[in-house]
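Breakdown of the fold
Okay, here's what each chain looks like letter by letter:
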Amino acid sequence: MGRSALWTAIRDTLVRDIGEGHYPPGQRLPTEVQLAERFGVNRHTVRRAIADMAEQNIVHSRRGAGVFVRHVPTPYRIGRRTRFRQNLSAAGRVAERRVLSLETRGANAQEAKALGLTKGAAVHVYEGVSLSDGAPLALFCSVFPAEAFPDLLAHLTNQGSVTAALALQGVPDYTRKSTEITAKAASKTHSALLELPAGDPVLRAAGINVDASGRPVEFGRTWFAADRVTLIMGDG
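I will try to describe carefully the structure that is included in this document. These figures come from a predicted structure and were not determined experimentally. (Residues numbered from 1 in each chain as written. Predicted model: local features only at pLDDT ≥ 70, side-chain atom pairs only at ≥ 80, totals over all residues. Heavy atoms only, no water.)

**Here we look at the pairing of strand β2 (residues 66-69)**
Every regular strand shows the same layout, with side chains that alternate between the two sheet faces. In the sheet, strand β1 (residues 59-62) pairs with β2 via 4 bridges, with the strands oriented antiparallel. Directly across from S61, in β2, lies its bridge partner V67. (Pairing = 2+ DSSP bridges. Helix = DSSP H or I, 4+ residues; strand = E, 2+ residues; numbered from the N terminus.)

**Here's the deal with the sheet that holds strand β7 (residues 175-185)**
Across the sheet, which stays open at both edges, the 6 strands sit in the order β4-β5-β6-β9-β8-β7 with antiparallel pairing between neighbours. Of all strands in the sheet, those bounded by a partner on one side alone are β4 (95-106) and β7. The average angle at which neighbouring strand axes cross in this sheet is 15°, direction not considered. Relative to strand β5 (residues 122-132), β4 runs antiparallel, the two sharing 11 bridges. The partner of R105 across the bridge, within β5, is V123. Sheet strands touched by helix α6 (residues 152-159): β4, β5 and β6 (135-145). Its angle to β4, the strand with the most contacts, is close to 165°. (Axes fitted to C-alpha atoms, helices over the stretch in contact; angles between N-to-C directions. Contact = heavy atoms within 4.5 Å.)

This is the structure we're talking about:
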């Protein structure tokens, strides 16, 4: 086989391995030395195959860490009604949420302003990781007025859904009043939970949801791994 046929055959084999799930999104590929041994070629040939995969946005390299399989971005719509499970279902992805904490505490200044409360008023806080097909997509922190929804934490525990929990507290529907999106560098905590290198970009969406009368019912902040999501604004 010619040199060109060698590297293209290696590329095609690795692409097939990725497609069959041997190397899932976010996983590091074997090193150049390991791949050279596997295919019985020199490292330059392996490097050429990986470079072509990178040009096709199949993999990406991280300096000093290796070559990783890219996540296929999840389309995520932010509109008048933003619902996590519906968004992922529409994109053909499996939605899952991993709860990190459920607690009642005093509202900070930002939370109090968003919810129309006084600073220090009791709020319920729901924090966790949102996953798309098993891969971390975003971190979320949802804050609710505790006096208005005294049993919300129990409903969140039992239902695992903000929409279902609010319905049980007398809010059958809620809509997005406002959304602000900013780009930030991932903190160490965010990097660990999202399985990102520290400093990688994240997109932070901060939104206020209101009930039919316009009363704020939720102040939510979500930190998306920037390379794993395509945010779509509007109801389209």
